[in-house]
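Chain by chain, the residues:
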Amino acid sequence: MESDHETLLKCRELTVRFGEVTALQDVDVSLEANRIHAVVGQNGAGKTTFARVVAGLVRPDKGEVRMNGSAIAPGNVAASRHSGIELVHQSFALPPSFTVAEAMQFGADGGGLYSRSALERRWQSHLDKLDIQVKAGQRIRDLPIESQQAVEIARALVSDAKLLILDEPTAVLSPEGAARLFDQVRHLRDRGVTVVLILHKIREVLAVAETVTVLRGGLCVAGPLETAQIDSERLSELIIGSSSDELDDEDRAALTGAATPAHLHAAQTSEGIPVLELKNVSTRRDSDGPGLDSIELSIRPGEIVGIAGVEGNGQRTLVRTIAGLSHVSEGTVGLNGSDVTQQSLADRRSAGLRIIPFERNVEGLSLNSPLWENWSALGLLRKPLFAMISPGGFRRDCIGALESWDVVYADINQRAGSLSGGNAQKLILSREIDEAAKLVIAAQPTRGLDIGATAFVWDALRAARARGCGILFVSSDLDEIFDISDRVAVMVSGHIQAVFEPPFEIGRVGAAMTGAVQ
Amino acid sequence: MESILSGLRAAVFIVIALLLCGVIFEIAGYSAPLMFESILDGAFLRRGALEQALRWALPLFITALGVVISFRAGYFNIGGQGQFYMGAIAAAFVAEWLKGSPAALVIPACFVAGMAGGALWALWPGILRIKSGADEVITTLMGNFIAAFVLVYVTAGPLKDPSGSGQQASSRPLDAAYRISNSLGLSPTIIIIAVLAGVLVWALLNRTSFGILAGLSGRNPTMVEWQGARVWRIGLASFLISGALAGLAGTIELMGPNGRLAGGFLPGHGFTAILIALVANLSVLGTAVAALFFGGLASAALFLPILAGLPSAAIDIINAAISLFITAKSGFIDRVARLGKGQWTKS
């Protein structure tokens, strides 16, 4: 079997350090031509750094990358592309106002004079060859996210790419979209392109890849293994490692996407007054995406409601609407049984609303301000604007809170921006999940966090639920949602497409995410 | 520790600016050592120089405190000059209306009016910024020109001094009873006001909800908004306080050293105050030190022609050089600090 394929990419002792953090340590990987390879690992394992080194975007401190036996100049994008390596990024960089043809031309060689029709003919034939169902004259902003990704892939294949790297391509897709992408990937493989998929779901690895390479904490813990000869349990162990033995099986499964977690905790919700009640809520479309469309949603005390959906389907507007930062054009927002539609966020917060926002570093923290000021903001706002305060008291309270939430920091006056992602999120949790919290909105609370921090966030939310908080849990990761939620609502285009009770089935929820009526 | 470091950094830049000026003057045929010696002498060492330095430093300090507050809150109110003028004008009108009343009534009334005048002149750019997003840099800058013209109108119109025959229109002089200092411009009253302003602003910034929240919102208004703050209240308050302080400085200049309004008096006051706040890296204590330094330069300007044969505009050149270095420093330092760190990327 192995002798069927020649080695295309060979990486030797790749080491990358960012300041004191070692992102990659002596990584040796050899990938064979004409196959589909997966590189998996948790957040912070070094997957993206690996992709960027191979693509020449990051210059390794040590080690070399060879294509077809010849070394590529390190940290040189042009050299990598010249040798046939193309990278499709996690977040796309297509100019929204361009047509598909213009965007492709811009990526290909930029200059020159073309007529619009010649340009579109040229690129339409390229798209057709790749079986990508997109019209070259369409504007990027009018395309659904899947098609944008397809255009990115097509753009990467303009030149004679031999090795195509897709960095977390499924993160923006529904399960069905991912399946279609995998078909496309197989199609490319058959045309002679070697594909490297950066993934973090075992399910996806086993569905598409022929070999899998596992990174953990910057180390390559398992070289390319034949996926045919490995099962998901073994893979899950390799990804998580033995460091997190305290994780229960469900959480492990959710972290690695090994299997759909069987939802075991019975819905132990009380029949109290809902902490959140949205009745027929609609808002106008804005820059964050579609407006809300007649949302009906209620959360009881002691219940975690998951909001699933492909990103950009109104989740952000939903959170802003509950926070009172979006104008409600129709319907009512209720907190703890009282109508707060016309109330400010300050009033809603005093009624027990707490928010772990989407953008940790923008909406959650002021990165250039000291830790204690970030932590104290909520307490300061409860006082009159010109009230005398004792910073010493706030500092002491902050130190106590950070200690009980296990935040690792050096000095209470250090910039919030100097915390790691996990500790920054813990700082936000310690501020938002307090005694008076009744409804906690957790918007993508584990995004970008490593295993330990992710498990910490889940546990904190479960503990809040046990105390009787209602929790709205927004995530684009279905495994995570299934693991933690008592009910799951699927959002499509600002509308709640369907609500599911456990046991959750990934097929049905996935179908709802694409807008199929159940 | 960090504030000491930033103070040192500012000092280094000032020294570089001074050395550069020395080189330029040397090339232009003046003696640089003599220039530095006369600046030092005229600023602090000569008999009466320290008093003169303080005379200029105290009003500058007060206006600079206003700049510190608005800059910390993230609003670039560069209209200190206009707010300074409007404060002086409002105080002059009140003094005129209450003419004949006892000083114990008139002087406090003038101070209230002066601060209100300055605050109102900062209010409209504040409202425009917060309600419609109009850039406060533009509006407050425009406000400076408008205020300067209002000053010319007032001194040539309603408050014109009929006996004045000079080239520059000026208002009728204040009664001696209403003056808070002689024309040398230093008195216990002014010192007390300046110290009080410094202490109050320090407490406002470090010991009130407003101060901490303004600092947070100046660095990241979105975060403060998500905490449930009405950011516009913090912003508007910072505009008003900042304007009131500039108005206070204007009132001091009117009722102390000047004793009357003159068209276009102290045209560089507001900008020097911005420079002081920036040199001080927006710290209150630093502002006091920097104000004394720039007050000294202003005092030295009087002596330069006599001692070094330099035109007093040499001080303007030095000021400009310093402001060039100080405004350039943040960007430059940041770039140096970033070198070698590499770019952290998500993996």
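Numbering of residues starts from 1 in each chain and follows the order in which that chain's sequence is written. Here every chain gets a letter starting at A, and every ligand a number starting at 1, in the order they are written. In view of the model being predicted, local features appear only for residues whose pLDDT reaches at least 70, and side-chain atom pairs are presented and counted only at 80 or more, with totals across whole chains, interfaces and linings using the full set of residues. The side-chain figures draw on all heavy atoms in the structure; neither hydrogens nor water molecules are used.

## Section: the overall build of chain A
1) Next: Here a strand is any run of E in DSSP of at least two residues, a helix any run of H or I of at least four, and the numbering for each starts at the N terminus. What chain A contains, in helices and strands, is 18 helices and 20 strands.
2) Next: Against the compact-globule benchmark of 24 Å for 518 residues, chain A has a radius of gyration of 24 Å, which places it among compact chains.
3) Next: Viewed in the frame of its principal axes, chain A has a C-alpha envelope of about 70 × 50 × 45 Å.
4) Next: Throughout, a residue-residue contact means that at least one pair of heavy atoms, one from each residue, lies within 4.5 Å. For chain A, the proportion of contacts with a sequence separation of at least 24, taken over those separated by at least 6, is 68%.
5) Next: Accessible areas in this description were obtained via Shrake-Rupley with a 1.4 Å probe; residue shielding takes into account the shown protein chains only. When the accessible surface of chain A is split by element, carbon and sulfur atoms take 48% of a total near 21,400 Å².
6) Next: This count recognises Lys and Arg as positive and Asp and Glu as negative, with His and chain-terminal groups excluded. Positions of charges follow a simple convention, taking NZ of Lys, CZ of Arg, CG of Asp or CD of Glu. Charge separation in chain A, taken as the distance between the mean sites of 52 positive and 67 negative side-chain charges, equals 5 Å. For a compact globule the rule gives 2.2 Å times the number of residues to the power 0.38, and the radius of gyration it is set against comes from C-alpha atoms.

## Section: the overall build of chain B
1) Next: Counting secondary structure elements, chain B contains 13 helices and zero strands.
2) Next: The linear arrangement of helices and strands in chain B, starting from the amino end, is α-α-α-α-α-α-α-α-α-α-α-α-α.
3) Next: Radius of gyration (C-alpha) of chain B: 21 Å, near the 20 Å computed for a compact globule of 347 residues.
4) Next: Oriented by its inertia axes, the alpha-carbon framework of chain B measures out at about 80 × 55 × 30 Å.

## Quick notes on a nonpolar patch on the surface
Residues and elements named next belong to chain B.
1) Next: A residue counts toward a patch only above 30% relative accessible area and without a salt bridge, and it is joined to like-charged neighbours within 9 Å or, for Val, Leu, Ile, Met, Phe, Trp and Tyr, to nonpolar neighbours within 5 Å. Salt bridges are counted wherever a side-chain nitrogen of Lys or Arg sits within 4 Å of a carboxyl oxygen of Asp or Glu. A cluster of nonpolar side chains, namely L141, F145, F149 and F271, defines an oily patch on the protein surface of about 440 Å² accessible area.
2) Next: Among the elements that take part in the nonpolar patch, helix 6 (residues 136-156) stands out by supplying three residues, more than any other.
3) Next: Secondary-structure assignment places F145 in helix 6.
4) Next: Here's how the labels work: a residue is buried when its accessible area is under 20% of the maximum for its type, exposed when over 50%, partly exposed in between, all with a 1.4 Å probe on protein chains only. Its relative accessible area of 54% is what places F145 among the exposed residues.

## Overview of the sheet that holds strand 4 (residues 62-67) of chain A
Residues and elements named next belong to chain A.
1) Next: Spatial ordering of the open sheet is given by 2-1-4-5, a layout of four strands whose pairing is antiparallel. The sheet is open, and its two edges are formed by strand 2 (21-32) and strand 5 (70-71), each paired on a single side.
2) Next: DSSP bridges decide pairing: two strands pair if at least two such bridges lie between them. Summarising the sheet, strand 1 (residues 7-18) and strand 2 pair through eight bridges and their orientation is antiparallel. Paired with T7 across the strands is E32, a residue of strand 2.
3) Next: Each axis is a line fitted through C-alpha atoms, taken for helices only over the stretch in contact, and angles between the N-to-C directions span 0 to 180 degrees. Taken strand by strand, helix 1 (residues 47-54) contacts strand 1, strand 2 and strand 4, and its axis lies near 120° from that of strand 1.

## Topic: a negative patch on the surface
Residues and elements named next belong to chain A.
1) Next: Together, D231, E233, D248 and D249 give the surface a local cluster of negative charge.
2) Next: Relative to the assigned elements, D231 resides in the loop between strand 10 (219-226) and helix 8 (232-240).
3) Next: Residue D231 is classed as partly exposed on the basis of its relative accessible area of 44%.

## A few points about the nonpolar core
1) Next: L461 and F473 of chain A together with I62, L261, I318 and I322 of chain B are the most contacted members of the largest nonpolar core, which totals 157 residues.
2) Next: In terms of residue count, the dominant contributor to this core is helix 10 (residues 231-258) of chain B (11 residues).
3) Next: With residues up to four places along the chain from it excluded, the contact list for F473 of chain A reads I304, V305, G306, I307, A442, P445, W458, L461, E480, I481 and I484 of chain A.
4) Next: What makes a nonpolar core is a set of buried Ala, Val, Leu, Ile, Met, Phe, Trp, Tyr and Cys residues whose side-chain atoms join them at distances within 4.5 Å. Membership of the second largest hydrophobic core comes to 51 residues, among which are I140, V195, I202 and V212 of chain A.

## So, the confidence of the model for chain B
Should the pLDDT be low somewhere, the predicted coordinates at that spot are not to be read in detail.
1) Next: Summarising the model, chain B shows a mean pLDDT of 88, and 93% of its residues fall at 70 or more.
2) Next: Scored from 0 to 100, pLDDT reflects the predictor's confidence in each residue. Segment residues 337-347 of chain B: pLDDT under 50, and 17 contacts once partners within four positions in sequence are set aside and those in other chains are kept.

## Observations regarding the packing of aromatic side chains
1) Next: Between 30 and 60 degrees the pair is tilted, below 30 it is stacked and above 60 it is edge-to-face, where a pair is any two Phe, Tyr or Trp rings, Trp via its six-membered ring, whose centres lie within 6.5 Å. Tallying each qualifying case throughout the model produces 12 aromatic pairs over all chains.
2) Next: A ring pair is formed by F25 of chain B and Y30 of chain B, whose centres lie 6.4 Å apart and whose planes are at 80°; its orientation type is edge-to-face.
3) Next: Relative accessible area serves as the criterion here: at 7%, F25 of chain B is assigned to the buried category.
4) Next: We classify Y30 of chain B as partly exposed; its relative accessible area is 31%.
5) Next: Connected via pairs of aromatic rings, a cluster forms that spans F84, Y85 and F265 of chain B.
6) Next: Look at NZ for Lys and CZ for Arg. If either is within 6 Å of the ring centre and within 35 degrees of the ring normal, a charge sits over the ring. Between K426 of chain A and the ring centre of F456 of chain A, over which it is positioned, the NZ or CZ distance is 4.4 Å.
7) Next: Sitting over the face of the ring of W56 of chain B, R55 of chain B holds its NZ or CZ atom 3.6 Å from the ring centroid.

## Describing the interface of chain A and chain B
By a widespread convention, an interface's size corresponds to the accessible area lost as its parts come together.
1) Next: Counting from both sides, the interface comprises 48 residues of chain A and, opposite them, 30 residues of chain B.
2) Next: Both faces considered, chain A and chain B share a buried interface measuring about 3,200 Å² in area, 65% of it formed by carbon and sulfur atoms.
3) Next: Any N or O atom pair separated by 3.5 Å or less is treated as a polar contact, with the protein-specific requirement of one donor-capable and one acceptor-capable atom, and with residues adjacent in sequence counted only for side-chain atom pairs. Taken together, the links from chain A to chain B amount to 12 residue pairs in polar contact (both at pLDDT 80 or more).
4) Next: When residues in the side of chain A that touches chain B are grouped by element, the largest group, seven residues, is from helix 13 (residues 371-381) of chain A. By buried area we mean how much accessible surface two parts lose on assembly, using a 1.4 Å probe and totalling the loss over both.

## Some remarks on the domain arrangement of chain A
1) Next: Each domain's extent was defined by an automatic or database domain assignment. Annotation of chain A at the domain level lists domain 1 (2-84 + 161-242), domain 2 (97-159) and domain 3 (276-513).
2) Next: Each of domain 2 of chain A and domain 3 of chain A has a C-alpha centre, and these two points are 38 Å apart.

## Some thoughts on empty space enclosed by the protein
1) Next: Method remark: on a 1 Å grid restricted to protein atoms, a set of points is classed as a cavity if a 1.4 Å probe fits but cannot get out and as a pocket if it is open with protein on both sides within 12 Å along at least five of seven lines; lining residues have an atom within 4 Å of a point. Grid points are joined across faces, edges and corners, and a volume is the space filled by probe spheres set on the points. Inspection of every chain in the model, using the stated rule, returns three cavities of 30 Å³ or more.
2) Next: Considered as a void within the structure, the largest cavity measures approximately 100 Å³ in volume.
3) Next: Along its surface, the largest cavity is lined by 13 residues, and A92, E96, R172, P173 and L174 of chain B are the ones closest to its centre.
4) Next: Take the lining of the largest cavity: its biggest share by element is three residues, from helix 4 (residues 80-97) of chain B.
5) Next: Approximately 60 Å³ is the volume found for the second largest cavity.
6) Next: Contributing to the lining of the second largest cavity are V53, V54, G56, P60, V65, I72, A73, P74, G75 and S80 of chain A.

## Some thoughts on the pairing of strand 4 of chain A
Residues and elements named next belong to chain A.
1) Next: Sheet analysis places strand 1 next to strand 4, joined by five bridges and oriented antiparallel. Bridging across to strand 4, C11 finds its partner in V65.
2) Next: Pairing of strand 4 with strand 5, which is carried by two bridges, proceeds in the antiparallel orientation. Within strand 5, the position partnered with R66 by the bridge is A71.
3) Next: Connecting strand 4 to the next strand, strand 5, in antiparallel fashion are two residues, including N68 with a positive phi near 50°.

## Section: the packing of helix 13 of chain A against helix 14 (residues 391-404) of chain A
All names here are of chain A.
1) Next: Orientation of helix 13 relative to helix 14, taken along the N-to-C sense of each, is 105°, at an axis distance of 9 Å. Comparing the axis directions of helix 13 and helix 14 gives the class roughly perpendicular. On the side of helix 13, the interface is formed by L371, W372, W375, S376, G379 and L380, while helix 14 contributes P391, F394, R395, D397, C398, A401 and L402.
2) Next: In the scheme used here, Gly and all other residues not listed as nonpolar or charged are polar, with Ala, Val, Leu, Ile, Met, Phe, Trp, Tyr, Cys and Pro taken as nonpolar and Asp, Glu, Lys and Arg as charged. A per-class count over the contact of helix 13 with helix 14 returns nine nonpolar, two polar and two charged. The labels follow the angle: roughly parallel below 35 degrees, roughly antiparallel above 145, roughly perpendicular from 65 to 115, and oblique for the rest.

## Here we look at the side chain of D167 of chain A
Residue and element names in this part refer to chain A.
1) Next: Mapped onto the secondary structure, D167 falls in strand 7 (residues 163-167).
2) Next: R52 is the oppositely charged side chain nearest to the buried, salt-bridge-free D167, at an N-O distance of 6.6 Å.
3) Next: In terms of polar contacts, D167 uses its side chain to reach the side chain of T48, at 3.2 Å.
4) Next: For D167, the residues in contact, after removing those within four places along its chain, are T48, L87, V88, H89, Q90 and I198.

## Side note on the environment of N368 of chain A
Residue and element names in this part refer to chain A.
1) Next: Checked against the element boundaries, N368 lands in the loop between helix 12 (360-364) and helix 13.
2) Next: Take N368: its relative accessible area is 45%, and that puts it in the partly exposed class.
3) Next: On a C-alpha basis, the gap between N368 and Q42 in space is 28 Å, while along the polypeptide they are 326 residues apart.
4) Next: At 3.1 Å, the side chain of N368 forms a polar contact with the side chain of R415.

## Observations concerning helix 5 (residues 145-156) of chain A
Residues and elements named next belong to chain A.
1) Next: Here the expected span of a helix is defined as 1.5 Å times the quantity of residues minus one. Here helix 5 contains 12 residues, and its C-alpha end-to-end distance of 17 Å stays within 8% of the 16 Å for a straight helix at 1.5 Å per residue.
2) Next: Counting buried residues along helix 5, nine of its 12 residues qualify, which places the element largely inside the surrounding structure.
3) Next: Buried residues of helix 5: S147, Q148, Q149, A150, V151, E152, I153, A154 and A156, and no others.

## Here's the deal with unusual backbone geometry
1) Next: Cis geometry marks the peptide bond from P502 of chain A to P503 of chain A; its omega dihedral reads 0°.
2) Next: On the secondary structure map, P503 of chain A appears in the loop between strand 20 (495-500) and helix 18 (506-513).
3) Next: Even without a glycine there, the phi angle at L266 of chain B is positive, about 45°.
4) Next: Summarising the element assignment, L266 of chain B is placed in the loop between helix 10 and helix 11 (269-279).
5) Next: The exposure class assigned to L266 of chain B is partly exposed, which follows from its relative accessible area of 22%.

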